[in-house]
Amino acid sequence: AVEVYPTSGVAEAAQEEQDIQVFPNPADNELWIQNSAGAPAFVVLSDALGRELLSQTISENVTGKLDLESLPSSSYILTCHVNDKTFIRRVAKLR
């Protein structure tokens, strides 16, 4: 009989989450998103009520920028979609 051991996928998920780096956080007027994943990332910045404020596609192995200048100081939610994975980051804007 062949024994099958399921893998947890935790280490793999942690590595995939490291593929998207967001900085600086908290941010002033610019938020940089470094996409080290092997696929484009679609990022959406939403307010606390879930309203979409900004969205952008960042190509693989590129660092993209979201311009936050027009947004008030607050906490925001950045949702990153890469392939079939979704990563969520909290982001704060200072001024």
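Colleague: Describe the side chain of K93, and please don't skip the residues or the numbers.
Modeller: Structurally, K93 is set in strand β7 (residues 85-93). Of the side chains with opposite charge, D28 lies nearest to the buried K93, which makes no salt bridge, at 7.3 Å. Looking at K93, its side chain comes within polar contact range of the main-chain oxygen of L71, at 2.8 Å. Side-chain polar atoms of K93 contact the backbone oxygen of R95, separated by 2.2 Å. Beyond its immediate sequence surroundings of up to four residues, K93 is in contact with A27, D28, N29, L68, E69, L71, P72, S73, S74 and Y76.

Colleague: Residue-level account of the sheet that holds strand β5 (residues 62-67), with values.
Modeller: The sheet built from three strands is open, its strands ordered β1-β2-β5 with antiparallel pairing. In this open sheet, the two strands that pair with only one neighbour each are β1 (20-23) and β5. Within this sheet the neighbouring strands show an average axis-to-axis angle of 20°, counted without direction. One ladder, built from four bridges, connects β1 with strand β2 (residues 30-35); its direction is antiparallel. Directly across from V22, in β2, lies its bridge partner I33.

Colleague: Describe the pairing of β1, with residues and values.
Modeller: Here β1 shows a clear split, with I20 and V22 buried on one side and none of Q21 and F23 buried on the other. Where β1 hands over to β2, the hairpin turn is made up of six residues, counted between the paired strands.

Colleague: Please provide a residue-by-residue account of the sheet that holds β7, values included.
Modeller: On the basis of which strands lie adjacent, the open sheet formed by four strands has the order β4-β3-β6-β7 and antiparallel pairing. A strand with exactly one partner marks an edge of an open sheet, and here the two such strands are β4 (52-58) and β7. Neighbour-to-neighbour, the strand axes of the sheet open up by a mean angle of 20°, direction not taken into account. As paired strands, strand β6 (residues 74-82) and β7 are joined by nine bridges and run antiparallel to one another. Across the sheet, the residue bridging to S75 is A92, located in β7.

Rules used in this analysis
- Residues numbered from 1 in each chain as written.
- Predicted model: local features only at pLDDT ≥ 70, side-chain atom pairs only at ≥ 80, totals over all residues.
- Heavy atoms only, no water.
- Helix = DSSP H or I, 4+ residues; strand = E, 2+ residues; numbered from the N terminus.
- Buried < 20%, exposed > 50% of the residue type's maximum accessible area, 1.4 Å probe, protein only.
- Lys, Arg positive; Asp, Glu negative; His and termini not counted.
- Salt bridge = Lys/Arg side-chain N within 4 Å of Asp/Glu carboxyl O.
- Polar contact = N/O pair within 3.5 Å; in protein donor to acceptor, adjacent residues only side chain to side chain.
- Contact = heavy atoms within 4.5 Å.
- Pairing = 2+ DSSP bridges.
- Axes fitted to C-alpha atoms, helices over the stretch in contact; angles between N-to-C directions.

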